[in-house]
Structures are given as structure tokens and as C-alpha cells.
Amino acid sequence: QQQQTTTTTTASSQSQATVLDIMRDENELENGDGNDDDDVVLEEKSVCNFMKNTTVIHEHRKYIKLNVGGKLFTTTLDTLTSSDGHMLSSMFSGRIPVDADDDGFVLLDRDGDAFVYVLNYLRDSECSLPEDQGLLRRLHDEAKYFLLDGLRGRVEQSIYTNFNASCIVPVVVNEQEEKLLIQATVTGRPLVKLSYNRGNNRFSYTQPSTHSLLKHIELFDKLSIKFRGRVVYARDVSGRHGHICTWAFFGRGRLLAEINCTSMVYSADKKQTKIEFPEARLFEENMNILLYEPGLTNPPPIPEDSIDGQDLFPNHTIA
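Residues numbered from 1 in each chain as written. Predicted model: local features only at pLDDT ≥ 70, side-chain atom pairs only at ≥ 80, totals over all residues. Heavy atoms only, no water.

Below, the discussion takes up the overall build of the protein chain. Secondary structure assignment for the protein chain yields 10 helices and 11 strands. For the protein chain, with 319 residues in total, the buried portion stands at 35%. Residue pairs at least 24 apart in sequence account for 65% of intrachain contacts in the protein chain once pairs closer than 6 positions are excluded. Accessible area of the protein chain: about 20,200 Å², with a carbon and sulfur share of 49%. (Helix = DSSP H or I, 4+ residues; strand = E, 2+ residues; numbered from the N terminus. Buried < 20%, exposed > 50% of the residue type's maximum accessible area, 1.4 Å probe, protein only. Contact = heavy atoms within 4.5 Å. Areas by Shrake-Rupley, 256 points an atom, 1.4 Å probe, with all protein chains shown as cover.)

Note on sheets: strands pair through backbone hydrogen bonds, and any given pair is parallel or antiparallel. Pairing is mixed across the open sheet formed by 3 strands, whose spatial order is E6-E11-E10. The open sheet has two edge strands, strand E6 (204–205) and strand E10 (262–266), and neither has a second partner. As paired strands, E10 and strand E11 (residues 271–275) are joined by 5 bridges and run antiparallel to one another. Paired with Ser263 across the two strands is Lys274, which belongs to E11. Its contacts with the sheet place helix H9 (residues 209–226) against E6 and E11, and it is angled at close to 30 degrees to E11. (Pairing = 2+ DSSP bridges. Axes fitted to C-alpha atoms, helices over the stretch in contact; angles between N-to-C directions.)

The next subject is unusual backbone geometry. The backbone of Leu147 shows a phi angle near 60 degrees, a positive value even though the residue is not glycine. Inspection of the secondary structure assignment puts Leu147 in the loop between helix H6 (133–145) and helix H7 (149–161). The phi dihedral of Arg252 falls on the positive side, at around 55 degrees, and the residue is not glycine. Relative to the assigned elements, Arg252 resides in the loop between strand E8 (245–251) and strand E9 (254–260).

This is the structure:
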């Protein structure tokens, strides 16, 4: 036993002597040779600081084992506490108590598949996001739960960027936008445009007019969903041309039909504006416009009595 103790002491002394030699060589390179007692004291202090710093680094690199929703992870304390202000940092800095099983795994009842991306974000402050939209939304929930605002913002941006609407309704606000939509009907889908603006009226409305206008908007929404992919439905809210409630139907670059749903009502002491709802006529024109879909084997000719009487874009050749 004495021999074993002597061997351990000798190994420790050799290790300390080796460190002293290293520190002495570095000091001689910087300051030249010296044999003063002050140099020895300085070297001993440097060794103490060296050993102390080594211990601190070792503690910060302590490994943490996690069980997240049944999936096992191993990471470092540095990663989990790399930034402040989120729940994981609070849990592993001692501010929030955590539970561990018999094997030393800290139990987190969260989504294990999404937690992979949470760890990657904590390591590098950025991470690639999953392409699967379901997993992306679950990751959003995890980022929200763990108070990771940066990751949450990135996920939300990705969700909105990758959002594909099944029905898109353009909103026309100027004449240039209207021309582009009409021009697209030369070889593309026909266009149905609803123009409405209550502010264009100089008189009061009759009592049923507000209800009728709402019925127009409701019908427009239903038709735009029913015929999505076949007909382009657009709203014109610019108030141009003084339209209060007018439907316009375009096909192959021409205005084929127009239904103005407002009229004036005269009484003994005042004039009022009335908004009508000719439901049967509206359905009829919406069915007729389907005849101008692209790709039909025998498309109908442009009627000679079309409203504008001429091609709005004569330089385009219609197949």
C-alpha cells in the first residue's frame, strides 16, 4: 500500500513538473532566461490558473441526456444554455426543476421528431427546416412552447412562403391591372370581374339595397370557389367608371357581357339608388363564359354583337 501511494504521488509530481516545464519554457520565450525566485512563484500561479481553467471548461462541456417523447438525445450543457430567455435555458441552469429517470435521462413530454430541429437551432442559431408541412407546424408549436422566438419567426415565415391557396381572387385597383387581366384571356382562362363601390352613389339607397349587395358578394365568392382553375374571378374596388355594382365577362380578349345591377328609383320628394339581384341572369352569364375556356376542341366564335365590338388586343393571334 505504501508503494502504491508512493507511485501515485510520484506520477502527480511528474505531471505537475511537466506543466511547470511547459509554463517555464513559454515564460523564457517571452522574457528570456531567469532564475529568480519571483519567476518560480509566477510559474506556480500560472499552473494553478491553468488547472482551474481546465476544470471550468470541463464543467461547461458536461453532457446532458434527454428523453423527448420517447426519443433519446445526448447534448451538452453549453448547447442548452447557449442563450438566455428560453425555457430550456431556465431548466438546465437550475431555475426550473427537471425530472430524470433511473438511467439519468431528463424527461420532456414533447414532440421528439420536432425536437431534432430545436437542438440544431440551439447549436448554431439557425437550422434547415422540414419540408413536410405537418412537421413544420408541429415545430412551430415546439418553438412557441420553448419560447424560442427566433426559431418561431423562421418557421412562420416558411409556412407563409410555402402556402399554396386553392383559390386566388385578384383585387383590381387601377386600369393597368385590369388590362393585364383582360390581356391574359386572349389565350388563357376567361375573366369574370365584379366591380362594387358603395361610395360612388350620390343618393341614398333603398332599404333592400344593402342586402342585395351582400348577396352579390356572396354569389361571387361561391362561383370563384366552384370554378377555380377554369375561370379567373377578380374584384374591382377602384371605384372607376362610377360602378356601384356591375358584373363584366371577358373571353379571348373581348368584353362579352356586362350586367349593371343598379337603377334609380324616383319618388315624390327624392331619388334613391336601388341595387338589384338578377340571380338567373348572373348564373346564365357565368355558365356562358365557360364556353371560352382554353383547350376546347370546338371553341365558339366571338359573337359579332359583343359589347366592345372589337378585339381589345388585336395584335394577339387566337388559336
